[in-house]
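The lines below spell out each chain.
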Amino acid sequence: MPSLSSLRTLQRRACSVRSAPSCRRYASHGSGPHYNEPTGYLFGEKPLPPGQKRKKEAWENVWYIGMYGTMGVAAVLLYYKPDTSIKSWALEEAKARMEARGEKP
């Protein structure tokens, strides 16, 4: 097995030609900001001049329909959800037993 120093030497020779795509380093090592610097605008969008409307992107309508549609379906399903609490079961069971014994609930 070759030593680590000989492997590094081979890599340096292979990367001496910078056009080799395997030798490019895409990490930012001090050559610019390490994050998206704040611009002071909401979501990084500059305000439009007066009288212009903002153009929606293609995904926005899908997001609105999906988000609020899901909330609507969830609200309907929760409204019609069967009552599975122990108290309601016990009340129905007590009424059924009292009727079976002939007592009035």
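Residues numbered from 1 in each chain as written. Predicted model: local features only at pLDDT ≥ 70, side-chain atom pairs only at ≥ 80, totals over all residues. Heavy atoms only, no water.

Quick look at helix α3 (residues 86–101)
Selection criterion: Think of it this way: any DSSP run of H or I at least four residues long counts as a helix, any run of E at least two long counts as a strand, and we number them from the N terminus. To estimate how far a helix should reach, multiply one less than its number of residues by 1.5 Å. Think of it in three bands: residues with accessible area under 20% of the maximum for their type are buried, residues over 50% are exposed, and the middle band is partly exposed, with areas taken using a 1.4 Å probe on protein chains only.
The end-to-end C-alpha distance of α3 is 22 Å, a good match for the 22 Å that 16 residues give at a rise of 1.5 Å each. Of all 16 residues in α3, 1 are buried, a share of ten percent or less. Among the residues trailing α3, Gly102 stands out with phi positive, at a value near 95 degrees.

Topic: the confidence of the model for the chain
Our working definition: A residue's pLDDT is simply how confident the predictor is in it, with values from 0 to 100.
Residues at a pLDDT of 70 or more form 75% of the chain, whose mean pLDDT is 83. Across the chain, element-level confidence peaks in helix α2 (residues 58–79) with a mean pLDDT of 97 and bottoms out in helix α1 (residues 4–14) with 71.

Brief notes about the pattern of salt bridges
Short version of the rule: Note on definitions: salt bridges are taken to be side-chain nitrogens of Lys or Arg within 4 Å of carboxyl oxygens of Asp or Glu.
Scanning the entire structure with this criterion turns up 4 salt bridges. Residue Arg54 pairs with Glu45 through a salt bridge whose shortest N-O separation is 3.3 Å. Overall, the relative accessible area of 43% leaves Arg54 in the partly exposed class. Relative accessible area serves as the criterion here: at 36%, Glu45 is assigned to the partly exposed category. The residue Glu93 makes a salt bridge to Arg97 at a minimum N-O spacing of 3.2 Å. In this pair, Glu93 and Arg97 are both assigned in helix α3, 4 residues apart and thus about one turn of the helix distant. Among the charged side chains, a network of salt bridges with common partners joins Glu45, Arg54 and Glu60.

Some words on the packing of aromatic side chains
As a reminder of what qualifies: Stacked, tilted and edge-to-face pairs are distinguished by plane angle, under 30 degrees for stacked and over 60 for edge-to-face with tilted covering the rest, among Phe, Tyr and Trp rings (Trp via its six-membered ring) whose centres lie within 6.5 Å.
For the coordinates displayed, the defined rule picks out 4 aromatic pairs. Ring plane angle 75 degrees and centroid distance 5.6 Å describe the contact between Trp63 and Tyr64, whose orientation is recorded as edge-to-face. Trp63 gets classed as partly exposed once you look at its relative accessible area, which sits at 42%. You can call Tyr64 partly exposed: its relative accessible area is 35%. Note on Tyr79 and Tyr80: the rings are 5.0 Å apart at their centroids and 90 degrees apart in plane angle, and the pair reads as edge-to-face. The pair formed by Tyr79 and Tyr80 is uniform in burial state, with each residue classed as exposed.

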